[in-house]
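One letter stands for each residue in the lines below.
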Amino acid sequence: MKTLRRALTDYLKVRRSLGFKLKADGELLPGFLTHLEQATSPIITTSLAVEWATLPQDVHPAWWTSRLVAVRGFAKYLQTIDPRHHVPPLELLPHRRARAAPYIYEPAEIAALLAATTTLRNELRTETYRTFLALLALDDTDVDLRRGVLVIRRTKFGKTREVPLHRSTIQALGRYQRDRDRLLPRPSSPSFFVSIVGTRLIYQNVHETFLRLVYAAGLGECVPRRPKIHDLRHTFAVRTVLAWHRGGEDVEAKLPTLSTYLGHIGPSSTYWYLTAIPALLESATARLERAWKAHP
């Protein structure tokens with residue numbers, strides 16, 4: 001069993017060197033090896049893998065699938081060393097968690113969210129939350145207003161990229177920077193967006209403040225789900241594609257540009273963000289009808 005634990009260490013090291021974070025795998029797989037030890041099995045078998053994957057009770061079946069997927073990755077690695085190891089078929093636990101439909105903001109709703117920041121009592125806090133909604137964790141050195149780009153560091157697979165900014169965004173960031181430096185000349189953090197005491201914004205405070213703004217903007221009772229911060233990213237993707245449709249652009253040809261901007265490796269990842277809102281369906285349908293008339 002010590003051999004398997006050494007192999008697990010090597011497996012995680014190799015995969016992480018390729019850019020995979022494998023946080024869940026690193027937490028789950030030692031427990032699976034303990035399960036093998038208790039069964040006195042020197043190899044991974046399909047029955048033991050499924051038995052371990054389905055141990056948690058009162059969970060969504062998709063969690064069982066996630067546990068089995070972690071075992072499958074390790075088993076594939078081990079099978080190249082010792083073919084006795086089984087790679088359990090994913091069809092044994094085929095459950096998938098349903099995708100939660102994102103909330104796509106209307107332009108007026110985003111404007112209402114920004115206006116709601118005036119309900120925050122501290123002037124610096126108002127300016128911070130008015131500006132940060134799409135730019136959460138920047139350092140001063142990440143914001144190059146002269147060149148008009150943001151440096152997005154340590155994204156998925158450990159990559160860093162530069163994102164060009166619209167002129168209005170450059171102006172908004174510059175205005176915030178001046179207000180921040182006036183209201184708090186000596187912050188204790190290198191963060192671009194800071195709290196009222198000069199520290200980096202923390203998730204819990206951001207979440208609570210955003211929730212307060214959602215209700216102040218009149219969006220707290222939206223159904224089937226309340227808006228979230230990450231829905232702003234979905235909204236950007238959907239409305240960009242909608243603008244391309246309405247402008248008669250070749251959407252398929254331009255989609256890789258949107259993928260690059262969002263930091264995706266390709267359009268297949270970007271499709272996850274494209275929700276079929278009525279305006280997008282209407283525009284796409286109208287364009288298809290025009291194509292049929294042009295080429296009956």
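This is a predicted model, so every value here is computed, not measured.

A. Structural view of the overall build of the protein chain. Across its full length, the protein chain carries 12 helices and three strands. A compact globule built from 296 residues would reach a C-alpha radius of gyration of about 19 Å, whereas the protein chain, at 24 Å, exceeds it by more than 25%. Taking the principal axes of its C-alpha atoms as reference, the protein chain extends roughly 65 × 65 × 40 Å. Per-residue burial for the protein chain yields a buried fraction of 40% across its 296 residues. Sequence separation of 24 or more characterises 56% of the internal contacts of the protein chain that already satisfy a separation of 6 or more. In the structure as shown, the protein chain presents an accessible area of about 17,800 Å², 57% of it carried by carbon and sulfur atoms.

B. Structural view of the packing of aromatic side chains. Overall, the coordinates contain nine aromatic pairs when judged by the stated rule. For the ring pair Tyr 11 and Phe 74, a centre distance of 5.4 Å and an interplane angle of 50° mean the geometry is tilted. Here the residue Tyr 11 occupies a position in helix 1 (residues 2-17), and Phe 74 occupies one in helix 4 (residues 61-79), the gap between them amounting to 63 residues. No difference in accessibility class separates Tyr 11 from Phe 74, as the two residues are buried. Aromatic pair Tyr 103 and Tyr 105: ring centres 5.4 Å apart, planes at 75°, arrangement edge-to-face. Accessibility classification places Tyr 103 together with Tyr 105 in one group, the buried group. Taken together through their ring pairs, the aromatic side chains of Tyr 129, Phe 132, Tyr 176, Phe 192 and Phe 193 make up a single cluster. Above the face of the Trp 52 ring, Arg 67 is positioned so that its terminal group lies 3.8 Å from the ring centre. Lying across the ring of Phe 192, Arg 180 places its NZ or CZ 5.3 Å from the centre.

C. Looking closely at a nonpolar patch on the surface. Together, Val 14, Leu 18 and Phe 20 make up a nonpolar patch on the protein surface, roughly 270 Å² of accessible area in all. Along the chain, Phe 20 falls in the loop between helix 1 and helix 2 (23-38).

D. Broad picture of the sheet that holds strand 2 (residues 149-152). The sheet built from three strands is open, its strands ordered 1-2-3 with antiparallel pairing. Looking at strand neighbours, the two that pair on one side only are strand 1 (143-144) and strand 3 (161-164), the edges of this open sheet. Two strands pair when backbone bridges link them, and strand 1 and strand 2 are joined in this way by two bridges, in the antiparallel orientation. When the bridges of strand 2 are listed, Asp 144 appears paired with Val 149.

E. Spatial organisation of the nonpolar core. Core analysis: the largest hydrophobic core is formed by 28 residues, its most contacted members being Leu 113 and Leu 219. Contributions of two or more residues to this core are made by helix 5 (107-116), helix 6 (123-132), helix 7 (167-183) and helix 8 (203-216). In terms of residue count, the dominant contributor to this core is helix 8 (four residues). Contacts of Leu 219, omitting those with residues within four sequence positions, involve Tyr 103, Tyr 105, Glu 109, Leu 113, Val 214, Arg 226 and Pro 227. Of all hydrophobic cores here, the second largest spans 24 residues; its members include Leu 12, Ile 44, Leu 78 and Leu 93.

F. How the structure looks around the packing of helix 1 against helix 4. In contact at an axis separation of 11 Å, helix 1 and helix 4 are set at 105° when each is read in the N-to-C sense. With respect to each other, helix 1 and helix 4 are oriented roughly perpendicular. Of the residues in helix 4, those touching helix 1 at Leu 4, Ala 7, Leu 8, Asp 10 and Tyr 11 are Gly 73, Phe 74, Tyr 77 and Leu 78. Of the residues assigned to the contact of helix 1 with helix 4, the class counts are seven nonpolar, one polar and one charged.

G. Broad picture of the pattern of salt bridges. Throughout the structure, instances matching the rule amount to 10 salt bridges. Its salt-bridge partner being Glu 106, residue Arg 239 comes within 3.3 Å of it at the nearest N-O pair. Here Arg 239 is found in helix 9 (residues 231-246), whereas its partner Glu 106 is found in the loop between helix 4 and helix 5, with 133 residues between them in sequence. Under the relative-accessibility criterion, Arg 239 is labelled partly exposed at 22%. Where salt bridges share partners, they join Glu 123, Asp 179 and Arg 182 into one cluster.

Calculation rules
Residues numbered from 1 in each chain as written. Predicted model: local features only at pLDDT ≥ 70, side-chain atom pairs only at ≥ 80, totals over all residues. Heavy atoms only, no water. Helix = DSSP H or I, 4+ residues; strand = E, 2+ residues; numbered from the N terminus. Rg over C-alpha atoms; globule rule 2.2 N^0.38 Å. Buried < 20%, exposed > 50% of the residue type's maximum accessible area, 1.4 Å probe, protein only. Contact = heavy atoms within 4.5 Å. Areas by Shrake-Rupley, 256 points an atom, 1.4 Å probe, with all protein chains shown as cover. Phe/Tyr/Trp six-rings, centres within 6.5 Å; stacked < 30°, edge-to-face > 60°. Lys NZ or Arg CZ within 6 Å of the ring centre and 35° of its normal. Patch = residues over 30% accessible without salt bridge, like charges linked within 9 Å, V, L, I, M, F, W, Y side chains within 5 Å. Salt bridge = Lys/Arg side-chain N within 4 Å of Asp/Glu carboxyl O. Pairing = 2+ DSSP bridges. Core = buried A, V, L, I, M, F, W, Y, C linked by side-chain atoms within 4.5 Å. Axes fitted to C-alpha atoms, helices over the stretch in contact; angles between N-to-C directions. Parallel < 35°, antiparallel > 145°, perpendicular 65-115°, else oblique. Nonpolar A, V, L, I, M, F, W, Y, C, P; charged D, E, K, R; others polar.

Geometric descriptors of this kind do not, in isolation, establish any biological role.
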